[in-house]
Amino acid sequence: MSAPTAARPVDAERTGRRVEEVLDRLAASGDPAAAEAAEELVRCLMDFYGSGLARVLDLLSAAPGDPLAGLLGDELVASLLVLHDLHPEDRDTRITRALDSVREHALEVVDFDEESGALTLRARESGGCGCGSGAGAGAGAREAAQAALACFAPEVRAVDVRTAPAGPTLLQIGTAPTGAR
């Protein structure tokens, strides 16, 4: 009998919400001992899997080449690494990675407010024929960005997408506009 080579696909965001729902149900059941035991169980499992992930990162980082690239680009693995505070990339890099996964929307970072967790983005209008992306495209871009950011940068709690005319590259995370002091 051989070991499975691939896990069943899991939506990290949905799984996190489901765990919260189950814990909330137990807390509302009126049995504080059961709710406390469930929370302790979740903490123990988080510690166990977090330690395993930390070990995987240590082993991979010692390997030649760039074996981490595939792991860091995977939504499930990235979300686990962020959840356990093990992701080796900083927030701005993870935001950029998330937005790269929704390239069809041509989103660019304008600002991130650390206190509120609000990320402001610009979506480029389509160029050439003069027809813009329209309000519906902004909503689709926001939803796509929110889904990607939930895995790669959960510290982003709100996304605002503004439309900008096609043109030169806008402000990127960690850079200042030309001439700004």
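Residues numbered from 1 in each chain as written. Predicted model: local features only at pLDDT ≥ 70, side-chain atom pairs only at ≥ 80, totals over all residues. Heavy atoms only, no water.

1. Here's the deal with the layout of surface pockets
Sizing a probe to match a water molecule and rolling it over the atoms shows the empty space that remains. Selection rule: Think of a 1 Å grid over just the protein atoms. A cavity is a set of points where a 1.4 Å probe fits yet cannot get out, a pocket is an open set with protein on both sides within 12 Å along at least five of seven lines, and lining residues have an atom within 4 Å of a point. Grid points are joined across faces, edges and corners, and a volume is the space filled by probe spheres set on the points. Helix and strand labels come from DSSP, where a helix needs a run of H or I of at least four residues and a strand needs a run of E of at least two; each type is numbered from the N terminus.
Roughly 1000 Å³ of internal volume is contained in the largest pocket. Taken together, 30 residues line the largest pocket, and the ones lying closest to its centre are Thr-15, Gly-16, Met-46, Leu-80 and Leu-83. Secondary-structure elements contributing two or more residues to the lining of the largest pocket are helix 1 (12–28), helix 2 (32–61), helix 4 (75–83) and helix 6 (134–152). When residues in the lining of the largest pocket are grouped by element, the largest group, ten residues, is from helix 1.

2. So, the sheet that holds strand 2 (residues 118–124)
Formally: Paired strands, as defined in this entry, are two strands with at least two bridges between them according to DSSP. Think of each axis as a best-fit line through the C-alpha atoms, taken over the contacting stretch in the case of a helix, with angles from 0 to 180 degrees between the N-to-C directions. Contacts are assigned to residue pairs with any non-hydrogen atoms lying within 4.5 Å of each other.
Ordered in space as 1-2-3, the three strands form an open sheet in which the pairing is mixed. The outermost strands of the open sheet, each flanked by one partner alone, are strand 1 (107–113) and strand 3 (158–164). Within the sheet, the average angular offset between the axes of one strand and its neighbour, ignoring direction, is 25°. Alignment of strand 1 against strand 2, held across six bridges, turns out to be antiparallel. Bridging across to strand 2, Phe-112 finds its partner in Leu-119. Taken strand by strand, helix 5 (residues 91–100) contacts strand 1 and strand 2, and its axis lies near 145° from that of strand 1.

3. Examining unusual backbone geometry
Rule in force here: Each residue is placed in one exposure class: buried if its accessible area under a 1.4 Å probe, protein chains only, is under 20% of its type's maximum, exposed if it is over 50%, and partly exposed if it falls in between.
In this structure, Asp-85 takes a positive phi of about 55° despite not being glycine. One can find Asp-85 in the loop between helix 4 and helix 5. For Asp-85, a relative accessible area of 71% puts it in the exposed group. Non-glycine residue Ala-106 carries a positive phi angle of around 45°. With respect to the element layout, Ala-106 can be found in the loop between helix 5 and strand 1.

4. A short note on the nonpolar core
Here is the rule: Working definition of a nonpolar core: buried Ala, Val, Leu, Ile, Met, Phe, Trp, Tyr and Cys residues. They are joined through side-chain atoms within 4.5 Å.
Core analysis: the largest hydrophobic core is formed by 22 residues, its most contacted members being Ile-95, Leu-107, Leu-119, Leu-121, Leu-149 and Val-156. The set of elements that each furnish at least two residues to this core consists of helix 5, strand 1, strand 2, helix 6 and strand 3. Here Leu-119 is in contact with Ile-95, Val-109, Asp-111, Phe-112, Leu-149, Val-156, Ala-158, Val-159 and Asp-160, once residues within four sequence places are set aside. Ranked by size, the runner-up nonpolar core spans five residues in total, among them Leu-57, Leu-68, Leu-72 and Leu-81.

5. Quick notes on a nonpolar patch on the surface
This is how it is decided: Two joining distances apply to patches: 9 Å for like charges and 5 Å for nonpolar side chains (Val, Leu, Ile, Met, Phe, Trp, Tyr), and every residue must have over 30% relative accessible area and no salt bridge. Every accessible area reported is derived by Shrake-Rupley at a probe size of 1.4 Å, with residue values counting cover from the shown protein chains alone. The rule for a salt bridge is simple: a side-chain nitrogen of Lys or Arg has to be within 4 Å of a carboxyl oxygen of Asp or Glu.
On the surface, Val-10, Leu-76, Leu-80 and Leu-83 cluster together into a nonpolar patch covering about 290 Å² of accessible area. Relative to the elements of secondary structure, Val-10 occurs in the segment before helix 1.

6. Here's the deal with the pattern of salt bridges
Scanning the model with the defined rule gives six salt bridges in all. For Glu-155, the salt bridge goes to Arg-94, with nearest N and O atoms at 2.7 Å. Of this pair, Glu-155 sits in the loop between helix 6 and strand 3 while Arg-94 sits in helix 5, placing them 61 residues apart in sequence. Salt bridges sharing partners connect three or more residues here, namely Arg-91, Asp-92 and Glu-114.

Honestly, that's just the spatial picture; any functional story needs more than this.
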